[in-house]
Amino acid sequence: MIKLAITTGEPAGIGPELSTQLPFDQLFQQYPDLHLTLVGDQSWLEAQTNEELSAFSDRLDFHHIALKESAHHGQLNTANAQYVLDTLTHAATGCMNDHYQGMVTAPVQKSVINDAGIPFSGHTEFLEELTGARKVVMMLATEGLKVALVTTHLPLRNVADAITPELLTEIIQVTHHDLQRYFGIDQPHIYVCGLNPHAGEGGHLGMEEITIIEPTLNALRETGIQLTGPLPADTLFTDKYLKHADTVLAMYHDQGLPVLKYKGFGNAANITLGLPIIRTSVDHGTALDLAGKGLADQGSLLTAIDYGYKMAKARATRRQSA
Ligand SMILES: NC(=O)c1ccc[n+]([C@@H]2O[C@H](COP(=O)([O-])OP(=O)(O)OC[C@H]3O[C@@H](n4cnc5c(N)ncnc54)[C@H](O)[C@@H]3O)[C@@H](O)[C@H]2O)c1
Ligand SMILES: N[C@H](C(=O)O)[C@H](O)COP(=O)(O)O
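Residues numbered from 1 in each chain as written. Chains lettered and ligands numbered in written order. Predicted model: local features only at pLDDT ≥ 70, side-chain atom pairs only at ≥ 80, totals over all residues. Heavy atoms only, no water.

## Remarks on the UniProt feature "binding site: substrate" (unreviewed entry) in the chain
- According to UniProt, the "binding site: substrate" (unreviewed entry) feature falls on His123, Thr124, Lys261, Asn270 and Arg279.
- If we ignore the near neighbours within four places in the chain, the residues touching Thr124 are Val136, Met138, Thr272 and Arg279.
- Relative to the helices and strands, Arg279 is located in strand S11 (residues 279-282).
- Beyond its immediate chain neighbours, meaning those up to four positions away, Arg279 contacts Met103, Thr105, His123, Thr124, Leu127, Asn270, Ile271 and Thr272.
- Within the structure, Arg279 has its side chain in polar contact with the side chain of Thr105 (distance 2.8 Å). (UniProt positions renumbered as here; feature names shortened; annotations may be inferred. Contact = heavy atoms within 4.5 Å. Helix = DSSP H or I, 4+ residues; strand = E, 2+ residues; numbered from the N terminus. Polar contact = N/O pair within 3.5 Å; in protein donor to acceptor, adjacent residues only side chain to side chain.)

Dropping the structure here:
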């Protein structure tokens, strides 16, 4: 069995309805050895669907974690911030001790967790710390394009200072390793964006390409990693380059993700590389404007389940043949 935990996310957002209104019949036919556990407040979750979920009890169950206060669609409540984190902790520790083979996360509202007084910048960073991973990488994937990020949830003002040879080296090594490990790409070819407009215009529009990015890529090429770049980010995202790229490495969140989401929003997944566990997620946020209205699209959650399942299968196969 491949057991995936689905953390149902911010209770006021679209996560609970997406998780409980999945086409379970179809999913369990498509993946004959898939088992799903919905992690969250069982009463609140069951209230989001008209379907009798107990009909799938051999393949679907709940791990109940009680809300601290009643949830209401579209209304954030700091009292439930710790509940959200508890769902993540349950799923991640369950993955670490092999109770689950992976976790798929519905969206959380980062602001309400911070408003509750708990510093939180995202699942990616939270899981890096919780699992003790050395370095993780945020990568979003859709059909025909994967984009990994050097920096994640960082104010733009701080991005340039954060890009060091050490960080860039670790990010590329993790990306290279996990493209091999989970995606079966023997020699991944990574295309790297510059940081500055026109990749620095020969130093006239910024020096980071010359002082940091080029020397780091050169050193990594010596170790056998296939790298092209740094290229100007505006034209890197064209077919001429993308048809050869196994992944594009963007220097910061809004350099890479708008392109990925323009291409694949609703059919993309967010995958955390470098963790000792498998974690995939949706490509969207809590969509408080849609919560409870039955308007939220399920495509990304289905894509995240698909990636999570296939990654877990790849790992199981690897372990069997080891
Ligand atoms: N995986 C995650 O946990 C995750 C991902 C992105 C954003 N967020 C968080 O979500 C919160 C809201 O972020 P935002 O407003 O930038 O992004 P958002 O994705 O919640 O909303 C952006 C737009 O996309 C629409 N949308 C989102 N999901 C949709 C779906 N499934 N079907 C149809 N339309 C959908 C929304 O209605 C809105 O118009 C923030 O706190 C952010 O940090 C969480
Ligand atoms: N950066 C992600 C996106 O824009 O889709 C999102 O904020 C989720 O990040 P985490 O998986 O770290 O929560």
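Still more to cover.
## Some remarks on the packing of helix H8 (residues 165-183) against helix H9 (residues 208-222)
- Relative orientation of the contacting elements H8 and H9 amounts to 45 degrees, with a least axis distance of 10 Å. Of the possible angle classes, the one that applies to H8 and H9 is oblique. Crossing handedness for the pair H8 and H9: right-handed. Here Pro165, Leu168, Thr169, Ile172 and Gln173 of H8 come into contact with H9, specifically with Ile212, Ile213, Thr216, Leu217 and Leu220.
- Across the contact of H8 with H9, the residue classes tally to seven nonpolar, three polar and no charged. (Axes fitted to C-alpha atoms, helices over the stretch in contact; angles between N-to-C directions. Parallel < 35°, antiparallel > 145°, perpendicular 65-115°, else oblique. Left-handed = near helix turned anticlockwise from the far one by under 90°. Nonpolar A, V, L, I, M, F, W, Y, C, P; charged D, E, K, R; others polar.)

## Focus on unusual backbone geometry
- Looking along the chain, the bond that leaves Gly229 and enters Pro230 is cis, with omega of 0 degrees.
- Note that Pro230 resides in strand S8 (residues 226-231).
- Look at Asp98: it is not a glycine, yet its phi comes out positive at around 70 degrees.
- Residue class for Asp98 comes out partly exposed when judged on its relative accessible area of 44%.
- For His198, which is not glycine, the phi dihedral falls at a positive 55 degrees.
- Relative to the helices and strands, His198 is located in the loop between strand S7 (189-193) and H9. (Buried < 20%, exposed > 50% of the residue type's maximum accessible area, 1.4 Å probe, protein only.)

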